[in-house]
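Topology and contacts: notes
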Amino acid sequence: MRCSALCGILVATLLAGPTIGQEASPPLPLRWADVVHRLDALPELHEAGLRTLAAEAGVDAAGQVPNPEVEATLGRGMPRDNGTGGLEWGLGLTIPLDWLGPRGAQIRAARSEADASRQDAREVRRQVLGRLATLYWKVAFDQHLVATLMETEAQVARLSAMIRLRVEKGEARPTELPRIETEVERVRIDLGRARSESRADLRKLAMVLGLPADPPLKVDADTTESPAPSGQDEARRRVAGSHPRLAAAQARILGRTAEVSAERARRIPSISVGGYFNRELDQDAAGGLVQFRLPVWNWNTGGIRRAEALRMASQQGAETDARDLLAETDATWERCTQGRESAARFDTEILPRAEAASRAVERGFELGEMSLIDVLDARRVLLDVRKERIDSGLRARTDCTALAVLTGEIDDAK
């Protein structure tokens, strides 16, 4: 497995390690293009590619001509009269021709299965891209949450220092100090939890990509806004017209149809041609032969019914897949659109108001017009709003990524 330039830099950095008197190197940026660059090295895609190769080899196998059959006999002739005995032997060559009838249909069936396998590989690639994108954006929003909590911790710590100074000067009640110190610890607990989850998600992403387990990485992504999806009708059109699962289902229907033709062709009387040479005690004999296998008792009715039932089952399965995918597209489009609207409302309406209210309460506290309880309540409301904005942005990204997987936009997403 080849290692990308990013992986090479990571390995060199880890082997070198920080030297005495030097600070640790800053985390390397991990962009979405870096994730896509390592996609083809993942075992899941290798597996899908090998299955496609196996299906393509099946086309060659279906077109192969059976080998001729050679028959040899050896015996001792023992005449009943006073004649002399001796060895007798014979050779025969038979070329079966019963493969000529179903051969064309079998090749068509194998080609259809190869086409279906290629479509399966496309769907696997989309699904892997979707899972990686979901995890990638989860790490990005984890980092956003950590940064938000770090900022909140610094602000609450400054407020705690100010209150401590006021208490020492006798300008504030002593009971205010444990309240603000409790708030500092609560924020630090949230920060520690967020950092732990961020490290775990980043480690998981690195392991999936085949990078070192504890990479000095930082996802370089914009979490402010999800890209706008295409219209609902356009999304339905793209899914109905180009989804790999539907294309694979149609290919398998063609394959089942060809299998019906192959089973019908087996009702034709089969023929084998050949020749022989026999050396006997009193003569040599040579000649040709033609063998016929006549469909007297077995007209392959069971095989034909089986193939036709499988073809109809494939047609019904394709119809089920189409309905399920279109229903999933509609639901995912709704979730993506609503999620983007919710995130936008947080940015334009909710978050600015919460920030303005928090600044006003803090200003009033500095002027002695507000209590510490008012300040803590305002900060908690602001922190909750920021957390909800991050959660809303992550949900919107996740739902829009799922929509991109369905429509195929994930294939060229930046």
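Throughout what follows, the structure given in this document is the object of discussion. (Residues numbered from 1 in each chain as written. Predicted model: local features only at pLDDT ≥ 70, side-chain atom pairs only at ≥ 80, totals over all residues. Heavy atoms only, no water.)

1. Here's the deal with the side chain of His 243
Stated precisely, the cut-off is as follows: What counts as a helix is a DSSP run of H or I of at least four residues, what counts as a strand is a run of E of at least two, and both are numbered from the N terminus. Polar contact is defined as a pair of N or O atoms within 3.5 Å, subject to the rule that within protein one atom must be able to donate a hydrogen and the other to accept it, and that residues adjacent in sequence are counted only when both atoms are side-chain atoms.
Within the secondary structure layout, His 243 lies in the loop between helix 6 (232-242) and helix 7 (244-265). Reaching out from His 243, the side chain makes a polar contact with the backbone nitrogen of Arg 245 at a distance of 3.0 Å.

2. Considerations on the state of the cysteines
Covalently bonding the sulfur atom of one cysteine to the sulfur atom of another cysteine gives a disulfide. We count it as follows: We call a pair of cysteine sulfur atoms a disulfide when they lie within 2.5 Å. Burial classes follow relative accessibility: with a 1.4 Å probe on protein chains only, a residue under 20% of its type's maximum area counts as buried, one over 50% as exposed, and anything between as partly exposed.
Evaluation of the coordinates by the stated rule reveals one disulfide. Two residues share a disulfide in this structure: Cys 336 and Cys 400, whose sulfurs sit 2.0 Å from each other. On the sign convention where negative is left-handed, the bridge of Cys 336 and Cys 400, at about 90 degrees about the S-S bond, is right-handed. One end of the pair, Cys 336, is in helix 8 (residues 301-366); the other, Cys 400, is in helix 9 (residues 372-407), and 64 residues separate them in sequence. What makes Cys 336 buried here is its relative accessible area of 0%.

3. Remarks on the packing of aromatic side chains
Applicable threshold: Put simply, two rings from Phe, Tyr or Trp (the six-membered ring, in Trp's case) pair if the centres are within 6.5 Å, and we call them stacked under 30 degrees between planes, edge-to-face over 60, tilted for the rest. The rule for a charge over a ring is simple: NZ of Lys or CZ of Arg within 6 Å of the ring centre, and within 35 degrees of the ring normal.
As enumerated under the stated definition, the model contains four aromatic pairs in all. Ring centres of Trp 137 and Phe 141 lie 6.5 Å apart, and the angle between their planes is 50 degrees; on these two criteria the pair is classed as tilted. Note that Trp 137 and Phe 141 are positioned in helix 4 (residues 100-169) at a spacing of four residues, about one turn of the helix. Residues Trp 137 and Phe 141 agree in their burial class; the two are buried. By the ring-pair criterion, three or more aromatic residues cluster together here, those being Trp 32, Tyr 136, Trp 137 and Phe 141. Directly above the ring of Phe 365 sits Arg 166, whose terminal nitrogen or CZ lies 4.9 Å from the centroid.

4. Observations concerning the pattern of salt bridges
Where side chains of opposite charge bring their charged atoms close, a pairing between them can arise. Here is the rule we go by: Any Lys or Arg side-chain nitrogen located within 4 Å of an Asp or Glu carboxyl oxygen qualifies as a salt bridge.
Scanning all chains against the criterion turns up 32 salt bridges. Between Asp 190 and Arg 193 there is a salt bridge, with the nearest N and O atoms lying 2.9 Å from each other. Here the residue Asp 190 and the residue Arg 193 both occupy positions in helix 5 (residues 176-209), the gap between them amounting to three residues, near one helical turn. According to the relative accessible area criterion, Arg 193 is exposed, its value standing at 52%. A salt bridge links Glu 362 to Arg 379, with the nearest nitrogen and oxygen atoms 2.4 Å apart. Here Glu 362 is found in helix 8, whereas its partner Arg 379 is found in helix 9, with 17 residues between them in sequence. Its relative accessible area of 11% is what places Arg 379 among the buried residues. Taken together, the shared-partner salt bridges connect Lys 138, Asp 142, Glu 197 and Asp 201 into one network.

5. What to know about unusual backbone geometry
Among all residues save glycine, negative phi is the norm, and among peptide bonds the norm is trans. You will see that Asn 300, though not glycine, has its phi angle at about 55 degrees, which is positive. Structurally, the position occupied by Asn 300 is in the loop between strand 6 (284-293) and helix 8. For Asn 300, a relative accessible area of 16% translates into the label buried.

6. Looking at the sheet that holds strand 3 (residues 86-96)
Backbone-to-backbone hydrogen bonds join strands into a sheet, with any given pair of strands oriented parallel or antiparallel. Just so we agree on the cut-off: Whether two strands pair depends on DSSP finding at least two bridges between them. Only C-alpha atoms enter the line fits that serve as axes; for helices the fit covers just the stretch in contact. Angles between N-to-C directions range over 0 to 180 degrees.
If you walk across this open sheet you meet the four strands as 2-3-5-6, and the pairing is antiparallel. Each having just a single partner strand, strand 2 (69-77) and strand 6 make up the two edges of the open sheet. Pairwise comparison of adjacent strand axes, ignoring direction, gives a mean angle of 15 degrees for this sheet. Across eight bridges, strand 3 lies against strand 5 (residues 270-279) in antiparallel orientation.

7. Remarks on the pairing of strand 6
In terms of burial, strand 6 is largely open, as just one of its 10 residues are buried. Across 10 bridges, the pairing between strand 5 and strand 6 is antiparallel. Bridge pairing links Val 273 to Val 290 in strand 6. Counting the residues in the hairpin turn of strand 5 and strand 6 gives four residues.

8. A look at the nonpolar core
The cut-off we apply is this: Side-chain atoms within 4.5 Å are what join buried Ala, Val, Leu, Ile, Met, Phe, Trp, Tyr and Cys residues into a set we call a nonpolar core.
Trp 32, Leu 132, Tyr 136 and Leu 205 are the most contacted members of the largest nonpolar core, which has 28 residues in total. Looking at which element gives the most residues to this core, the answer is helix 4, with 10 residues.

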